[in-house]
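Topology and contacts: notes
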Amino acid sequence: MSTKEITLEALNPKEFIDAQVKAIREAVGDDVAINALSGGVDSSVVTMLGHKALGDKLKTYLVENGLMREGELERIAEIFRGLGVPVEIVDEREKFFAALKGVIDPEEKREKGITQVFYKDIFAKLVKDSGAKVLMQGTIFTDIEETAAGIKRQHNVFEQIGIDPQEAFGYKVVEPLIELRKPAVREVARAVGLPPEISDRPPFPGPALCARVIDEVTPEKIDLVRKATTIVEEELAGVDAFQYMAILHSDQVTGIRDGKRDFGRQIEVRCWDSADAVTATPTDVPFATLRKIADRLTSEVPGVVSVTYNIGTKPPSCIEAV
Ligand code: XMP
């Protein structure tokens with residue numbers, strides 16, 4: 001792994017921003033660049049750096065993949081438009097669900113369902129249509145570390161694992177945050193003018209709710225896990241934690257509803273304490289809070305009869321289940 005880390009202690013956010021703006025201008029030259037904004041802190045910082053460096057020469061797209069949380073895309077578009085950054089929403093739901101059909105293996109989901117569709121299909125077309133020569137993306141140091149170590153293939157890592165994006169997808173990739181871990185990215189987010197709603201946002205994976213459905217991903221299962229996610233996020237918003245989530249398990253369990261047998265779904269709740277996602281421990285969430293989450297999940301999400309709370313640590317668990 002050739003990339004070196006800039007630690008939080010060594011980071012001077014203003015100098016970092018100036019240096020990256022300069023580097024982006026040099027890399028893009030007179031060309032047009034594009035990037036995909038998910039609203040996560042990484043892609044948001046990249047959007048701001050790109051906008052600062054390139055102005056109208058950066059085209060920012062919000063890809064509606066059908067896998068985002070409730071109202072997420074609209075809210076992100078609103079925030080960025082409010083900051084004077086033009087963003088365009090492109091609806092590609094059908095392509096993602098078609099690619100995910102029948103896919104069970106987690107790595108295959110990332111590779112076939114997300115990486116291939118996103119970069120080769122959707123982005124290659126956007127690059128072509130917009131005339132862009134460069135794709136900017138928010139890969140961070142931890143992504144390449146874990147991918148290089150063979151733990152989990154992050155969907156946004158190419159060169160570090162020997163894929164030449166120019167050859168494979170037909171465009172150059174610029175990754176301004178490659179030397180930073182998450183806490184440093186948050187510092188840069190504040191310095192570049194992003195509101196706390198973005199800079200302090202709990203992480204959310206690029207493959208979105210796809211990472212929270214075990215086995216095959218279908219629109220129905222995504223709808224279910226989306227409803228569960230809204231409840232878990234509402235109830236845990238006040239808890240001091242690194243990240244929290246709902247996971248839909250594929251095996252069904254016997255339950256009882258209205259005096260009748262109900263062979264239903266189970267949701268696993270995870271809530272993590274962590275500094276940088278490399279290691280993590282379960283948050284000591286008050287039992288009353290967990291009970292309230294369980295009551296809401298079983299009464300508000302159709303078909304859910306069982307709720308569990310994960311008490312394993314990372315390692316050997318991972319933060320996401322897929
Ligand atoms: P894991 O599950 O590897 O997660 O312990 C570590 C951190 O990374 C996020 N994550 C991802 N982010 N693409 C991303 O952009 C991915 O494929 C991916 N997988 C996990 C996860 O939410 C956690 O913060």
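Just so it is clear, the structure is predicted and the values come from calculations on it, not from any experiment. (Residues numbered from 1 in each chain as written. Predicted model: local features only at pLDDT ≥ 70, side-chain atom pairs only at ≥ 80, totals over all residues. Heavy atoms only, no water.)

**Brief notes about the pattern of salt bridges**
- Enumeration according to the criterion identifies 27 salt bridges in this entry.
- Residue Arg181 pairs with Glu5 through a salt bridge whose shortest N-O separation is 3.0 Å. Note that Arg181 is positioned in the loop between strand E5 (172–174) and helix H8 (182–191) and Glu5 in the segment before helix H1 (13–28), a separation of 176 residues in sequence.
- The buried category is assigned to Arg181, whose relative accessible area is 15%.
- For Glu72, the salt bridge is made with Arg69, and the minimal N-O distance between the two is 2.6 Å. Of the two residues, Glu72 and Arg69, neither departs from the other in class, the shared state being buried.
- Here the salt bridges do not stand alone but share partners, grouping Glu234, Glu235, Lys292, Arg296 and Glu300 into one network. (Salt bridge = Lys/Arg side-chain N within 4 Å of Asp/Glu carboxyl O. Helix = DSSP H or I, 4+ residues; strand = E, 2+ residues; numbered from the N terminus. Buried < 20%, exposed > 50% of the residue type's maximum accessible area, 1.4 Å probe, protein only.)

**Here we look at the packing of aromatic side chains**
- On inspection of all chains with the given rule, the structure shows zero aromatic pairs.
- In this structure, Arg69 is placed above the aromatic ring of Phe204, and the distance from its NZ or CZ to the ring centre is 3.7 Å. (Phe/Tyr/Trp six-rings, centres within 6.5 Å; stacked < 30°, edge-to-face > 60°. Lys NZ or Arg CZ within 6 Å of the ring centre and 35° of its normal.)

**Let's talk about the nonpolar core**
- Of all hydrophobic cores here, the largest spans 85 residues; its most connected members are Phe80 and Phe123.
- No other element matches the eight residues that helix H5 (residues 106–130) contributes to this core.
- Filtering out sequence-adjacent residues up to four positions away, Phe80 remains in contact with Leu37, Ser44, Thr47, Met48, Val85, Val87, Leu194 and Ile198.
- Residues Ile247, Trp272, Ala280 and Ile319 belong to the second largest nonpolar core, which totals six residues. (Core = buried A, V, L, I, M, F, W, Y, C linked by side-chain atoms within 4.5 Å. Contact = heavy atoms within 4.5 Å.)

**A few points about unusual backbone geometry**
- Note that the residue after Lys314, namely Pro315, is joined by a cis bond; omega there is -15°.
- A cis amide bond links Pro315 to the next residue, Pro316, at an omega of 5°.
- Positionally, Pro316 belongs in the segment after strand E10 (304–309).
- Although it is not a glycine, Ala208 adopts a positive phi angle of roughly 55°.
- Mapped onto the elements, Ala208 comes out in the loop between helix H9 (196–199) and helix H10 (219–236).
- If you check the backbone angles, Asp215 has positive phi at about 70° while not being a glycine.
- For Asp215, a relative accessible area of 28% gives the class partly exposed.

**Observations concerning the packing of helix H2 (residues 41–54) against H8**
- At a closest axis distance of 10 Å, the pairing of H2 and H8 adopts a crossing angle of 40°. When the axes of H2 and H8 are compared, the pair comes out oblique. Handedness of the H2/H8 crossing: left-handed. Of the residues in H8, those touching H2 at Val41, Asp42 and Val45 are Lys182, Val185, Arg186, Val188 and Ala189.
- Residues of the contact of H2 with H8, tallied by class, amount to five nonpolar, no polar and three charged. (Axes fitted to C-alpha atoms, helices over the stretch in contact; angles between N-to-C directions. Parallel < 35°, antiparallel > 145°, perpendicular 65-115°, else oblique. Left-handed = near helix turned anticlockwise from the far one by under 90°. Nonpolar A, V, L, I, M, F, W, Y, C, P; charged D, E, K, R; others polar.)

That's the geometry; what it means functionally is another story.
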